[in-house]
Amino acid sequence: MRIIVLGGDGYLGWPTALHLSECGHEVAIADNFVRRQYDHELGVQSLVPIEPLTVRVRAWHELTGKQLATYVGDLCDADFTYRIIREFRPDAVVHFAEQRAAPYSMIDRKHAVYTQTNNVVGTLNLLYAIAETDPSIHLIKLGTMGEYGTPNIDIEEGWLEVTHKGRTDRVLYPKRPSSFYHLSKVHDSHNIEFACRIWGLAATDLNQGIVYGQQTDETVRDDRLATRFDYDAVFGTVLNRFIVLAALGQPLTVYGEGGQTRGLIDIRDTVECIRLAAEHPAKPGEYRVFNQMTESMSVRDLAKLVADLHPNAVEVEYLDNPRVEAEAHYYKVTHSGLVELGLTPHLLSETLLTSLYAVADRYKHRADPAALRPTVRWRSPLATARAGSAG
Ligand SMILES: NC(=O)c1ccc[n+]([C@@H]2O[C@H](COP(=O)([O-])OP(=O)(O)OC[C@H]3O[C@@H](n4cnc5c(N)ncnc54)[C@H](O)[C@@H]3O)[C@@H](O)[C@H]2O)c1
């Protein structure tokens with residue numbers, strides 16, 4: 001198949017492009033490198049050094065003889081988005097190219113507006129580019145489990161059967177997320193479902209859990225193929241922060257009571273899920289949703305697991321929660337769709353021991369302890385403005 005990976009220079013896009021290429025697909029990458037700019041803006045860097053895209057692509061060619069086409073540009077520029085679809089003529093488009101950090105979207109108005117504009121407009125341009133070029137192109141879009149929030153009922157795969165006043169319908173599962181970033185994904189989901197319904201597009205929306213892991217079968221072949229490992233308080237996931245804190249011999253900092261439960265998935269399962277979704281496409285007019293996660297765990301249990309398995313003694317500390325979120329809640333998720341397509345999940349406990357502790361230990365000299373402390377608070381704009389005017 002011909003597959004274009006949007007956001008192919010990012011944490012997940014790069015290993016996905018390699019995996020699809022390794023599996024025999026013709027792959028192109030598009031990216032505007034804005035992720036590298038956020039690092040400059042925030043004064044942080046990936047724990048694992050990453051090469052420029054040109055070096056990465058050359059290394060892959062040297063090692064395998066396989067070519068990856070590259071397009072540099074912004075999906076919010078409609079001319080660019082139309083051009084890549086028209087030139088490359090993909091069978092499937094994998095769309096990772098969004099601003100993906102909840103704390104980044106909650107810094108202030110400017111970052112909230114940027115996040116929603118970048119994500120929603122980029123996706124809308126893409127929907128039009130597909131619909132006007134070739135509506136049979138399968139869109140595989142990365143959403144997040146955070147779209148659902150933490151409802152007090154089971155989370156289904158995208159859709160919910162509702163009986164109301166004696167009548168029954170199948171409706172999009174109601175979403176109640178907890179950041180402007182997660183809301184951008186909800187808006188995307190609605191736009192994609194609408195495009196499938198009215199134009200007959202075929203789309204798979206992957207509500208992905210928190211991804212962990214830094215190595216895939218392809219990226220381990222050469223240091224030049226490494227993908228990012230973000231550990232800072234804005235872009236780093238809770239698990240990456242814990243792993244780096246443990247490597248530095250510092251206590252693991254749990255926000256609030258730590259009862260927040262989240263879905264997780266290994267990076268090797270992510271790239272495999274994308275392959276499975278691409279090779280088993282949605283039907284014309286179908287808006288298909290998979291909950292792309294394999295395990296769920298509370299933040300408290302995550303801290304305990306990282307501490308218990310670590311070769312050194314590790315303490316756990318509880319901090320004031322900078323976010324506004326439920327700290328004790330019901331969490332039960334249906335996630336059978338991808339397993340039915342053939343996914344065999346990895347387990348976090350195994351990945352910690354076989355890969356993640358070693359990666360953090362190798363590069364801990366690059367970690368900046370100041371970057372681990374939370375700086376973004378989920379407070380009302382009025383409180384933020386008052387704090388600002390008080391100096
Ligand atoms: N990493 C996770 O744990 C996780 C969990 C759930 C969902 N997701 C979703 O998966 C996707 C990829 O996540 P990631 O961790 O690889 O993020 P990332 O930031 O590392 O990668 C995203 C890439 O997209 C590019 N990009 C952003 N906006 C763009 C635009 N307008 N035009 C062109 N390129 C643009 C960035 O430069 C970056 O290289 C995101 O949509 C994210 O929301 C990630």
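Thresholds, definitions, all that
Residues numbered from 1 in each chain as written. Predicted model: local features only at pLDDT ≥ 70, side-chain atom pairs only at ≥ 80, totals over all residues. Heavy atoms only, no water. Helix = DSSP H or I, 4+ residues; strand = E, 2+ residues; numbered from the N terminus. Rg over C-alpha atoms; globule rule 2.2 N^0.38 Å. Contact = heavy atoms within 4.5 Å. Near = heavy atom within 4 Å. Polar contact = N/O pair within 3.5 Å; in protein donor to acceptor, adjacent residues only side chain to side chain. Areas by Shrake-Rupley, 256 points an atom, 1.4 Å probe, with all protein chains shown as cover. Patch = residues over 30% accessible without salt bridge, like charges linked within 9 Å, V, L, I, M, F, W, Y side chains within 5 Å. Salt bridge = Lys/Arg side-chain N within 4 Å of Asp/Glu carboxyl O. Buried < 20%, exposed > 50% of the residue type's maximum accessible area, 1.4 Å probe, protein only. Pairing = 2+ DSSP bridges. Axes fitted to C-alpha atoms, helices over the stretch in contact; angles between N-to-C directions. Core = buried A, V, L, I, M, F, W, Y, C linked by side-chain atoms within 4.5 Å. Right-handed = clockwise from strand over helix to strand, strands pointing away. Phe/Tyr/Trp six-rings, centres within 6.5 Å; stacked < 30°, edge-to-face > 60°. Lys NZ or Arg CZ within 6 Å of the ring centre and 35° of its normal.

Participant: I'm lost on the overall build of the chain in this one. Help?
Facilitator: Looking only at helices and strands, the chain has 13 helices and 14 strands in total. In terms of C-alpha radius of gyration, the chain reaches 20 Å, essentially the compact-globule figure of 21 Å for 391 residues. With the principal axes as the frame, the chain shows a C-alpha extent of 65 × 55 × 45 Å. Contacts in the chain between residues at least 24 apart in sequence constitute 81% of all its contacts with a sequence separation of at least 6.

Participant: Looking at this structure, I do not really get the site of the ligand. What am I missing?
Facilitator: Taken together, 27 residues sit near the ligand, with D31, R100, N118, Y181 and K185 positioned nearest. For the ligand, an oxygen atom lies 3.3 Å from a polar atom in the backbone of F96. Within the side chain of K185, an N or O atom sits 2.7 Å from an oxygen atom of the ligand. Taking 830 Å² as the accessible area of the ligand by itself, protein coverage stands at 97%.

Participant: Where do I start with a nonpolar patch on the surface in this structure?
Facilitator: Side chains of L124, Y128, F194, I198 and W199 sit close together on the surface and give an oily, nonpolar patch of about 450 Å² of accessible area. Those elements giving two or more residues to the nonpolar patch turn out to be helix 6 (109-133) and helix 7 (180-199). Counting residues per element, the nonpolar patch draws most heavily on helix 7, at three residues.

Participant: Please clarify how the environment of T168 should be interpreted in this entry.
Facilitator: Considering the arrangement of structural elements, one finds T168 in strand 7 (residues 167-172). Look past the residues within four positions of T168 in its chain and what remains in contact with it is E161, V162 and T163. A distance of 2.9 Å separates a polar atom in the side chain of T168 from a polar atom in the side chain of T163.

Participant: I'm lost on unusual backbone geometry in this one. Help?
Facilitator: A positive phi angle is found at F33, which is not glycine, with a value near 65°. With respect to the element layout, F33 can be found in the loop between strand 2 (26-31) and helix 2 (34-42). Given a relative accessible area of 25%, F33 falls into the partly exposed group. Backbone geometry places K165, a non-glycine residue, at a positive phi of 50°. A relative accessible area of 77% places K165 in the exposed class.

Participant: How should I be thinking about the pattern of salt bridges in this particular structure?
Facilitator: A side chain of one charge can pair with a side chain of the opposite charge if their charged atoms are brought near each other. For the coordinates displayed, the defined rule picks out 26 salt bridges. Between R83 and E87 there is a salt bridge, with its nearest N and O atoms 3.3 Å apart. Pair noted here: R83 and E87 are both in helix 4 (residues 78-88), with a separation of four residues, about one helical turn. Between E350 and R268 there is a salt bridge, and its shortest N-O distance comes to 3.6 Å. One end of the pair, E350, is in helix 12 (residues 348-363); the other, R268, is in helix 9 (residues 267-279), with 82 residues separating them in the sequence. Within this structure, R35, D39, R100, R228 and D230 form a network of salt bridges that share partners.

Participant: Whenever I open this one, the sheet that holds strand 1 (residues 2-6) confuses me. Can you help?
Facilitator: Working definition: the strands of a sheet are paired by backbone hydrogen bonds and lie parallel or antiparallel to each other. Spatial ordering of the open sheet is given by 3-2-1-4-5-8-12, a layout of seven strands whose pairing is parallel. Every interior strand has two partners, whereas the edge strands, strand 3 (68-72) and strand 12 (287-292), have only one. Direction aside, the axes of adjacent strands within the sheet are offset by 20° on average. Where strand 8 (residues 202-208) and strand 12 come together, six bridges link them in parallel fashion. In the strand pairing of strand 12, Q208 is matched with Q292.

Participant: Any chance you could explain the nonpolar core here in plain terms?
Facilitator: In a soluble, globular protein the nonpolar side chains are often hidden away together inside. If you look at the biggest cluster of nonpolar residues, it comprises 35 residues, and the most contacted ones within it are Y231, F242, L252, L302, V306 and L348. Ranked by residues supplied to this core, first place goes to helix 8 (residues 238-247) with eight residues. Discounting chain neighbours no more than four positions away, the residues touching F242 are L252, T253, V254, V299, L302, A303 and V306. Among the nonpolar cores identified, the runner-up in size contains 34 residues, and I84, I137, L160 and A195 belong to it.

Participant: Teacher, can you tell me more about the pairing of strand 1 here?
Facilitator: A regular strand places its side chains so that they alternate between the two faces of the sheet. Most of strand 1 is tucked away: four of the five residues are buried. One ladder, built from five bridges, connects strand 1 with strand 2; its direction is parallel. In the strand pairing of strand 2, I4 is matched with A28. Handedness of the crossover is the feature at issue here: the chain leaves strand 1, passes through helix 1 (residues 13-22), returns alongside strand 2, and the resulting connection is right-handed. Two strands pair when backbone bridges link them, and strand 1 and strand 4 (residues 92-95) are joined in this way by four bridges, in the parallel orientation. By the bridge assignment for strand 4, I3 is matched with A92.

Participant: How should the packing of aromatic side chains be read in this particular structure?
Facilitator: When we look at a pair of aromatic rings, we describe it by the centre distance and by the angle of the planes. Overall, the coordinates contain eight aromatic pairs when judged by the stated rule. Each ring, one from Y104 and one from Y114, has its centre 6.4 Å from the other, and the planes form 75°; the classification is edge-to-face. Residue Y104 is found in helix 5 (residues 102-105), and its partner Y114 is found in helix 6; the two are separated by ten residues along the sequence. When its relative accessible area of 4% is taken as the criterion, Y104 is described as buried. Joined through ring pairs, the aromatic side chains of Y38, Y104, Y114 and F235 make up one cluster. The ring of W159 has R170 lying over it, and the distance from NZ or CZ to the ring centre is 4.1 Å.

So far we have only geometry, and geometry alone does not tell us how the molecule works.
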